[in-house]
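# Geometric and topological summary
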Amino acid sequence: MKEISRRSFLTSIGAAATGSLAISANQALSQPTNILSEDRRGVLVDTSNCVGCRSCEWACKNAHGIDAGDIESYKDRSVFNNMRRPGIDSYTVVNEFSNEKNPLLPIDVKVQCMHCDKPACVSACIVGAINKHEDGSVVWDTDKCIGCRYCMVACQFQIPVFEFEKAIQPEIRKCDFCYERFKKGKLPACVEICPLEALTYGPRNELIKLARQKIKRNPEKYINYIYGEKEVGGTSWLYLASRDFQSIGLPKLNNKPAPGVSESIQHGIFAYFVPPVALYSWLGAMMWITKRKEEVKQEKEIDYV
Amino acid sequence: MFEEPQPIKFKYFTPGVIILCLIAINGLAFIAARIIFGIGSVTNLNNLYPWGLWIGVDVAAGVALAAGGFTSAALGHVMHKEQFHAIVRPALLTAMLGYTFVAMAVAVDIGRYYYIWHPLVMWNPNSALFEVGICVMIYLTVLYIEFMPILTEKLNGKIKFNGLLHYLNEPLNKLVNFLDKILSKAMFVFIIAGVVLSTLHQSSLGTLMVIAGNKMHPLWQTPVLPLMFLISAISVGFPMVIFESMLASRSLGIKPEMEVLSKLGRFVGPILGIYLAFKLGDMFIRETFRYLAHFNIESVMFIFEMVFGVIVPLIMFLMDRVLKSPLKLFIGSCLVIFGVLLNRINNFIIAYHPPYSKEAYIPSFGEFSVTIGCIAMLVLLYRLAVRYLPVINLHQHPMKVVIDE
Ligand code: SF4
Ligand code: SF4
Ligand code: SF4
């Protein structure tokens, strides 16, 4: 009895050990994490509430160890003269667009990674260095990245940036939805600091309901469209605005997930390795047959001689 | 009977070769600068245009133009068309050198060249780039294995060290002899694998840009891009062999093997025809011809590519007159090569329109230097190889010349 139980214990240990080995081998060789959780988080950006204080830019830098400078300097509104894009030391930027209807109330739009539901960057990355986590965040991993920049080619929102000037360990940089803060139960730094209700954090499903309510309550304030609800298959970050989104710097995209076509081609070519193996066998057969023919021909020629 | 390939004796350093050396050194200098100071210091790439000349030409066009290796292997070995055996080795040499430089270009282009092995252990099967990377790595290995008999043929029984190392002679010779025997038995496995791997990554190179979606001009962006890339790579395989063979004969002072080359040329017309049919079919199904009505760089480049890279050579290769004339055959081959080169440039550079871009990307002097330098190095190594290794068939056997004339 004792013996048996000990043996079964050892076996189960053995099984567990092999199991965990298999898992770790699997993790090294398998696809990147790409979780599309039902209650993934999101942020609703209400551009009509944003005043362009740029506190979020400051907070984001602070949360990511980037020299943020003095918060007073962010009051300088001359930066709005040019449209800016996220860069290697600014994962989020706010741009301002003039408002014809009410020149005193320009429209300010915060830009950062959209944390797509079907992220093109995750699908594209050659080594699976970009992962989508349970909270919806799409996060880059420095240990794997080889710096090929395919993620930049793939992203429809033109978000990832690269340290072109660095010779050793250049990085891909982009908003990570404050994943480290999420794990500690904290709000994203930008959401936490926002002094007005421009950024609302919560489960994406709830945010969509909230956005619908806002539009319903204030139909003259918003156009009836939630940017990010459907774009490239949906994004975690959602936008509301008083006029069409292309005029405030968001790209016009269709609703098909960006990786859809390429992944189905990819899997078509490699469907359980059937096409390559079939091609291999076919070529092998051809080689054999033509060789036979050649030999028969030679034999005949010899006969003839 | 056919002659066996043999090393060819000629003077290595000519004025042209010295110029090539200078170009190669210039390229190497910029590669060194890129390694020391980073990609940004040498290229005009930026966050909007992450890929440029090196990916478009050195990698994508390089892979396509090295397709002569697998198309002639398929013809010579798989179909057993004996009369084409003469072209297999030169084509193999070019493919091997070509892919070696493709791998080098990748290493120069990626930000962390010392992580180039990562895709071997970190897999993302959803990624077209992963597939290209893995296939190219395996294919490069296969090419080296396919090339090995040329080395063992040269070395077999001829390893003679003097002094202390002479103990190594016996075992080394045995090893070479063993390799020689094994390889000749197992070679068919690698030859077929080479063809399969080529069709896979030639098409996956086309899949690369599919994920860029709207960022790519609709004249080129299509779900059948992989098929387009595969057919155009096949179409450029033989023209590339003809082109090299003629250049090599000329610079080595031997007569071009017109008999074989014009037979090869016969395959080109039909393949180009299929390619054109797919291009036009795709254009009409997706109704992209309306973009040709606008006069801009895309429409001009597209028409240029189609007319001079596909239609004109298609007509040429269908004419007997062209196939029989060395000069015309050479011009026709140049046009096909130009067409595929332009197609890859168009796909990866001209068609790419990132949102928020203010000015177009134009490659820097450093980028051009590296690209041209790599081509120069390739030519120099090719010359070196045919000088010391049995690659080229010398048909102009003195006896034969007398009989011919
Ligand atoms: S916006 Fe771009 S970088 Fe962000 S998750 Fe989507 S594809 Fe990736
Ligand atoms: S640059 Fe890095 S993160 Fe981006 S696709 Fe390449 S390996 Fe992946
Ligand atoms: S979520 Fe975090 S990383 Fe992203 S913009 Fe906000 S503060 Fe920056």
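Scroll up to find the structure.
These lines cover the structure that appears in this document, whether it is placed above or below. Just so it is clear, the model here is predicted, and its values are computed rather than measured. (Residues numbered from 1 in each chain as written. Chains lettered and ligands numbered in written order. Predicted model: local features only at pLDDT ≥ 70, side-chain atom pairs only at ≥ 80, totals over all residues. Heavy atoms only, no water.)

### Description of the overall build of chain A
Applied cut-off: Secondary structure elements are taken from DSSP: a helix is a run of H or I of four residues or more, a strand is a run of E of two residues or more, and numbering for both begins at the N terminus. Think of it in three bands: residues with accessible area under 20% of the maximum for their type are buried, residues over 50% are exposed, and the middle band is partly exposed, with areas taken using a 1.4 Å probe on protein chains only. Contact between two residues is taken to exist if any of their heavy atoms lie within 4.5 Å; hydrogens are not considered. Method for areas: the Shrake-Rupley scheme with a 1.4 Å probe, in which residue coverage is limited to the protein chains shown.
The helix and strand tally for chain A stands at nine helices and nine strands. Counting over 305 residues, chain A shows a buried share of 47%. Nonlocal contacts in chain A, meaning residues at least 24 apart in sequence, comprise 58% of its contacts between residues at least 6 apart. Put simply, chain A shows about 15,900 Å² of open surface, and 59% of that area lies on carbon and sulfur atoms.

### Side note on the overall build of chain B
Tallying secondary structure elements over chain B gives 15 helices and two strands in all. Across its three principal directions, the C-alpha atoms of chain B cover 65 × 55 × 45 Å. Within chain B, buried positions represent 57% of all 405 residues. Accessible area of chain B: about 17,600 Å², with a carbon and sulfur share of 75%.

### Details of the interface of chain A and chain B
The condition that has to hold: Here the quantity called buried area is the accessible surface, traced with a 1.4 Å probe, that two parts lose on coming together, added over both. The term salt bridge refers to a pairing of a side-chain nitrogen on Lys or Arg with a carboxyl oxygen on Asp or Glu at a separation within 4 Å. Polar contacts, as used here, are pairs of N or O atoms within 3.5 Å; protein pairs need one atom able to donate a hydrogen and one able to accept it. Residues neighboring in sequence count only if both atoms are side-chain atoms.
Contacts between the two partners involve 68 residues from chain A, matched on the other side by 65 residues from chain B. The junction of chain A with chain B conceals about 5,700 Å² of combined surface from both sides, 60% of it contributed by carbon and sulfur atoms. Of all residues in chain A, the largest losses of buried area upon contact with chain B belong to Tyr 150, Phe 164 and Met 287 of chain A, amounting jointly to 12% of the total for that side. Connecting chain A to chain B are one salt bridge. In this structure, the salt-bridge partner of Arg 149 of chain A is Asp 109 of chain B, at a minimum N-O distance of 2.9 Å. Counting across the interface, chain A meets chain B through 27 residue pairs in polar contact (both at pLDDT 80 or more). Going through the elements one at a time, helix H1 (2-29), helix H3 (120-124), helix H4 (150-154), strand E6 (161-162), helix H8 (260-269) and helix H9 (274-304) of chain A are the ones with two or more residues in the side of chain A that touches chain B. Per element, the largest residue contribution to the side of chain A that touches chain B is ten residues, and it comes from H9 of chain A.

### Looking at the site of ligand 2
Note the following rule: One heavy atom within 4 Å of a molecule or strand makes the whole residue count as near it. Classification used: nonpolar for Ala, Val, Leu, Ile, Met, Phe, Trp, Tyr, Cys and Pro, charged for Asp, Glu, Lys and Arg, polar for all others including Gly.
If you check the shell around ligand 2, you find 13 residues, and the closest are Cys 125, Cys 145, Cys 148, Arg 149 and Cys 151 of chain A. Across the shell around ligand 2, the residue classes break down as eleven nonpolar, one polar and one charged.

### Topic: the packing of aromatic side chains
Aromatic ring pairs are defined here through the distance separating the ring centres and the angle between the ring planes. What counts is decided by this rule: To pair, rings of Phe, Tyr and Trp, with the six-membered ring standing in for Trp, must have centres within 6.5 Å; the planes then decide the type, stacked if under 30 degrees apart, edge-to-face if over 60, and tilted in the middle. Consider the ring centre and the ring normal. A charge sits over the ring if Lys NZ or Arg CZ is within 6 Å of that centre and within 35 degrees of that normal.
Scanning the entire structure with this criterion turns up 26 aromatic pairs over all chains. With centroids separated by 4.9 Å and ring planes inclined at 40°, the aromatic side chains of Phe 284 of chain B and Phe 289 of chain B adopt a geometry described as tilted. One aromatic cluster is present, built from ring pairs that chain together Tyr 150 of chain A together with Trp 51, Phe 229 and Phe 348 of chain B. Across the ring face of Phe 162 of chain A, the terminal group of Arg 149 of chain A is positioned such that the distance to the ring centre comes to 5.3 Å. Directly above the aromatic system of Phe 10 of chain B lies the positively charged group of Arg 387 of chain B, at a separation of 5.7 Å from the ring centroid.

### A closer look at the packing of helix H3 (residues 53-65) of chain B against helix H8 (residues 169-208) of chain B
All names here are of chain B. Note the cut-off: Note on geometry: axes are lines fitted to C-alpha atoms, helical ones only across the stretch in contact, with angles between N-to-C directions running from 0 to 180 degrees. If you view the pair so one helix is near and one far, a crossing is left-handed when the near helix is turned anticlockwise from the far one by less than a right angle, and right-handed when it is turned clockwise.
Relative orientation of the contacting elements H3 and H8 amounts to 145°, with a least axis distance of 11 Å. Classified by chirality, the crossing of H8 by H3 is left-handed. Taking contact as the criterion, the partners of Ala 60, Val 63 and Ala 64 in H3 are, on H8, His 201, Gln 202 and Leu 205.

### Description of helix H4 (residues 68-78) of chain B
Residues and elements named next belong to chain B. Summarising burial for H4: ten of the eleven residues are buried, a large majority. Considered for burial, the residues of H4 that qualify are Gly 68, Gly 69, Phe 70, Thr 71, Ser 72, Ala 73, Ala 74, Leu 75, Gly 76 and Val 78. With its phi angle positive at about 55°, His 80 sits one or two positions after the end of H4.

### Here's the deal with the pairing of strand E3 (residues 107-111) of chain A
Residues in a regular strand point their side chains to alternate faces of the sheet. Residues and elements named next belong to chain A. Quick note on the threshold: Pairing between two strands is assigned when DSSP locates at least 2 bridges connecting them.
Of all the five residues making up E3, five are buried; the element is thus mostly covered by neighbouring parts of the structure. Relative to E3, strand E2 (residues 93-97) runs antiparallel, the two being bridged by five bridges. Bridging across to E3, Val 94 finds its partner in Lys 110.

### Overview of the sheet that holds strand E9 (residues 237-240) of chain A
Residues and elements named next belong to chain A. Spatially, E8-E1-E9 is the arrangement adopted by the three strands of the open sheet, whose pairing is mixed. Each of the sheet's edge strands pairs with one partner strand only, and the pair in question is strand E8 (199-203) and E9. In this sheet, neighbouring strand axes are inclined to one another by 25° on average, regardless of whether the strands run parallel or antiparallel. Here strand E1 (residues 41-46) pairs with E9 via four bridges, running parallel.

### So, the environment of Val 78 of chain B
The residue Val 78 of chain B is located in helix H4 in this model. The spatial distance from the C-alpha of Val 78 of chain B to the C-alpha of Val 195 of chain B is 9.3 Å, given a sequence separation of 117 residues. When near neighbours in sequence (up to four residues on either side) are disregarded, Val 78 of chain B contacts Leu 283, Met 286, Met 287 and Thr 290 of chain A together with Ala 73 and Ile 191 of chain B.

### Details of a nonpolar patch on the surface
Residue and element names in this part refer to chain B. Selection criterion: Surface patches are defined over residues having more than 30% relative accessible area and no salt bridge, joining like charges when they lie within 9 Å and nonpolar side chains (Val, Leu, Ile, Met, Phe, Trp, Tyr) when within 5 Å.
Taken together, the side chains of Phe 13, Ile 18, Leu 22 and Ile 25 make up a nonpolar region of the molecular surface, amounting to roughly 420 Å² of accessible area. Positionally, Phe 13 belongs in the loop between strand E1 (5-6) and helix H1 (15-37). Since its relative accessible area comes to 49%, Phe 13 is described here as partly exposed.

Without other data, these values stay purely geometric and don't point to any function.
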